[in-house]
Number of protein chains: 2
Amino acid sequence: MAGPSVSPEIDRLITLLARLPGLGPRSARRAALHLLKAPDKLMTPLASAMTIAADRISTCSVCANVDSANPCHICTAPGRDQTAICVVQDVSDLWAMERAGAFRGTYHVLGGTLSALDGIRPEDLNIAALIGRVSAGKTEEVILAMNATVDGQTTAHYITEHLEKTGARVSRLAHGVPIGGELDYLDDGTIAAAMKSRRLL
Amino acid sequence: MAGPSVSPEIDRLITLLARLPGLGPRSARRAALHLLKAPDKLMTPLASAMTIAADRISTCSVCANVDSANPCHICTAPGRDQTAICVVQDVSDLWAMERAGAFRGTYHVLGGTLSALDGIRPEDLNIAALIGRVSAGKTEEVILAMNATVDGQTTAHYITEHLEKTGARVSRLAHGVPIGGELDYLDDGTIAAAMKSRRLL
Ligand SMILES: [Zn+2]
Ligand SMILES: [Zn+2]
């Protein structure tokens, strides 16, 4: 990818870097060069951080968060409210919620949203496990924190219907979240305000 | 960087990824999550590619290219014209020249440009080695391929002066309208240069 006279080791590095989201061929070449110029200060530490993460991090069998413990540290933290579950599309949204610091319950990561267009059905998402968790009885409130997109809201509607007979309260984040906006792009204050004004469904 | 309840292994991964050029905190989090979701298919191979590169790649003692051999494969290729040296600012520019396939000589990587603003002096760049190479006598032409910026042109001027007594021809890349470029998008300097160097048809 860098050119015919580039060593295969560098070419492989660039090819793999280009598979990261947001890195095109040109920025992958820049990143590779940056790493090659700092073998001890950046490339080796980053390689080691990746090896350690690949070795230690797994998906929480309760909430689908990624963590070094299973169940994850959030699921087992004694200080957190086990009666509240915040449902998010992806781990990045869980991180955004945690950065905002506006929620002290537990999470459930769906792994996406329902999508007619992309052919994503309820069984493709982590929804059955959510219904199972809530049906087990300890949950008092489920807060739906999906993106305010059509697919996000379709997913929220589907989950609300399927949680009706569990008796748990179902709420959603207030519409302080801009229509079409994604949680991970929002500032902490907006997320905190939306959490505070959440509505019963 | 991902939040207070994120495992330190993930936090370290994000912190190091954020040090790559072009990756801010948000895109570093996205990249980390992408890696965590593909430990075997991407994270481990990338870690391994980095470890191998850190181990095998070094800076060519002749031209300052990065390669698994020293002198590099370009410096030692029997098919390449050893009498022509193309001087570039950075290895990324060498790669760009190689992709273009328009040059079959050797290179010399300066490692930057002279800059009064940033306090970069001739001794901070790989210039003395270039003068040494050319003075050794085999070089017939030195092609200056610095960026068409003020600092790039200052550097070209400095090198031209210091190569005068070696007897080698010194040239620079032509300025003009890029192939496929639209006049309306070009700066005035480029248009003026293209007009000045216009060719009879
Ligand atoms: Zn968990
Ligand atoms: Zn070389």
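Definitions and limits used
Residues numbered from 1 in each chain as written. Chains lettered and ligands numbered in written order. Predicted model: local features only at pLDDT ≥ 70, side-chain atom pairs only at ≥ 80, totals over all residues. Heavy atoms only, no water. UniProt positions renumbered as here; feature names shortened; annotations may be inferred. Helix = DSSP H or I, 4+ residues; strand = E, 2+ residues; numbered from the N terminus. Buried < 20%, exposed > 50% of the residue type's maximum accessible area, 1.4 Å probe, protein only. 1 Å grid on protein atoms, 1.4 Å probe; cavity = no way out; pocket = protein on both sides within 12 Å on 5 of 7 lines; lining within 4 Å. Points joined across faces, edges and corners; volume = space filled by probe spheres on them. Nonpolar A, V, L, I, M, F, W, Y, C, P; charged D, E, K, R; others polar. Pairing = 2+ DSSP bridges. Axes fitted to C-alpha atoms, helices over the stretch in contact; angles between N-to-C directions. Contact = heavy atoms within 4.5 Å. Buried area = accessible area lost by both parts, 1.4 Å probe. Salt bridge = Lys/Arg side-chain N within 4 Å of Asp/Glu carboxyl O. Polar contact = N/O pair within 3.5 Å; in protein donor to acceptor, adjacent residues only side chain to side chain. Donors = N, O, S within 2.8 Å, 3.2 Å for Na, K, Ca; no water. Tetrahedral: all angles 85-135°; square planar, octahedral: opposite > 155°, others 65-115°.

An unreviewed UniProt entry lists chain A under the name Recombination protein RecR, from Algimonas arctica. We quote the UniProt Function (unreviewed entry) comment for chain A here in full: "May play a role in DNA repair. It seems to be involved in an RecBC-independent recombinational process of DNA repair. It may act with RecF and RecO." According to UniProt, the comment filed for chain A under the heading Sequence similarities (unreviewed entry) is "Belongs to the RecR family."

### Here we look at the side chain of A:Glu9
Along the chain, A:Glu9 falls in helix H1 (residues 8–17). Exposure remark for A:Glu9: the relative accessible area of 13% places this residue in the buried category.

### Concerning empty space enclosed by the protein
Within the structure shown, the criterion is met by three cavities of 30 Å³ or more. The computed volume of the largest cavity comes to approximately 90 Å³. The residue makeup of the lining of the largest cavity, split by class, is seven nonpolar, three polar and one charged. In this structure, the second largest cavity spans a volume of roughly 50 Å³. If you go around the second largest cavity, the residues you meet are A:Ser5, A:Val6, A:Ser7, A:Ile10, B:Asn65, B:Val66, B:Asp67, B:Ile74, B:Leu94, B:Trp95 and B:Glu98. Listing elements by their share of the lining of the second largest cavity, those giving two or more residues are strand E2 (66–67) and helix H5 (91–100) of chain B. Per-element tally for the lining of the second largest cavity: the top contributor is H5(B), with three residues.

### Things to note about the sheet that holds strand E3 (residues 81–88) of chain B
Residue and element names in this part refer to chain B. The parallel open sheet is built from four strands, whose spatial order is E4-E3-E5-E6. Since the sheet does not close on itself, it has two edges, and those belong to strand E4 (105–109) and strand E6 (169–172), each with one partner. Put simply, the sheet's adjacent strands are angled 25° from each other on average, direction ignored. Sheet topology note: the E3/strand E5 (residues 141–144) ladder contains four bridges and is parallel. In the strand pairing of E5, Ala84 is matched with Glu141. Strand contacts of H5: E3 and E4, with the helix running at about 160° to E4, the strand carrying the most contacts.

### Brief notes about unusual backbone geometry
Residue and element names in this part refer to chain A. Note the cis peptide between Asn70 and Pro71, where omega equals 0°. Its identity is not glycine, yet Ala64 carries a phi of approximately 70°, on the positive side. You can see Ala64 is positioned in the loop between strand E1 (58–59) and strand E2 (66–67).

### So, the interface of chain B and chain A
Across the boundary between the two partners, chain B contributes 54 residues, which contact 55 residues of chain A. When the two sides are added together, the surface that chain B and chain A hide from each other amounts to roughly 4,900 Å², 70% of it contributed by carbon and sulfur. Summed over the shared surface of chain B and chain A, the number is four salt bridges. Between B:Arg56 and A:Glu9 there is a salt bridge whose closest N-O contact spans 3.2 Å. In this structure, the connection of chain B to chain A is made through eight residue pairs in polar contact (both at pLDDT 80 or more). Where the side of chain B that touches chain A is concerned, the elements lending two or more residues are helix H1 (8–17), helix H2 (25–37), helix H3 (39–56), E2 and H5 of chain B.

### A look at the UniProt feature "zinc finger region: C4-type" (unreviewed entry) in chain A
Here, UniProt's "zinc finger region: C4-type" (unreviewed entry) annotation points to residues 60–75 of chain A. Summarising residues 60–75 of chain A: 19% helix, 12% strand, and an end-to-end C-alpha distance of 9 Å.

### Side note on the coordination of the zinc ion (ligand 2)
All names here are of chain B. Within the first shell, the zinc ion (ligand 2) binds the protein through Cys60 (SG), Cys63 (SG), Cys72 (SG) and Cys75 (SG), at distances of 2.3 to 2.4 Å. Each of the four donor atoms around the zinc ion (ligand 2) contributes to a set of angles spanning 104 to 118°, which defines the coordination as tetrahedral. Read from N- to C-terminus, the donor residues coordinating the zinc ion (ligand 2) fall into the pattern C-x2-C-x8-C-x2-C. The buried category is assigned to Cys60, whose relative accessible area is 4%.

### Overview of the pattern of salt bridges
Tallying each qualifying case throughout the model produces twelve salt bridges over all chains. We note a salt bridge from B:Lys37 to A:Asp90, for which the minimum N-O separation is 3.0 Å. One end of the pair, B:Lys37, is in helix H2; the other, A:Asp90, is in the loop between strand E3 (84–88) and helix H5 (91–100), on a second chain. Given a relative accessible area of 52%, B:Lys37 falls into the exposed group. Given a relative accessible area of 22%, A:Asp90 falls into the partly exposed group. As a salt-bridge pair, B:Glu98 and B:Arg80 come within 2.8 Å of each other at their nearest N and O atoms. With a gap of 18 residues between them, B:Glu98 in helix H5 and B:Arg80 in the loop between helix H4 (73–76) and E3 connect regions that are remote in the sequence. A residue is classified by how much of its surface remains accessible, and B:Glu98, at 5% relative accessible area, is buried. Here B:Arg80 falls in the buried class, since its relative accessible area comes to 6%. Here the residues in one salt-bridge network are A:Arg121, A:Glu123 and A:Asp124, joined through shared partners.

### Structural notes on the coordination of the zinc ion (ligand 1)
Residue and element names in this part refer to chain A. Only Cys60 (SG), Cys63 (SG), Cys72 (SG) and Cys75 (SG) from the protein reach the zinc ion (ligand 1) as donors, at distances of 2.2 to 2.4 Å. In this structure, the zinc ion (ligand 1) is coordinated by four donor atoms arranged in tetrahedral fashion, with angles at the metal of 104 to 117°. Sequence spacing of the donor residues for the zinc ion (ligand 1), all on one chain, is C-x2-C-x8-C-x2-C.

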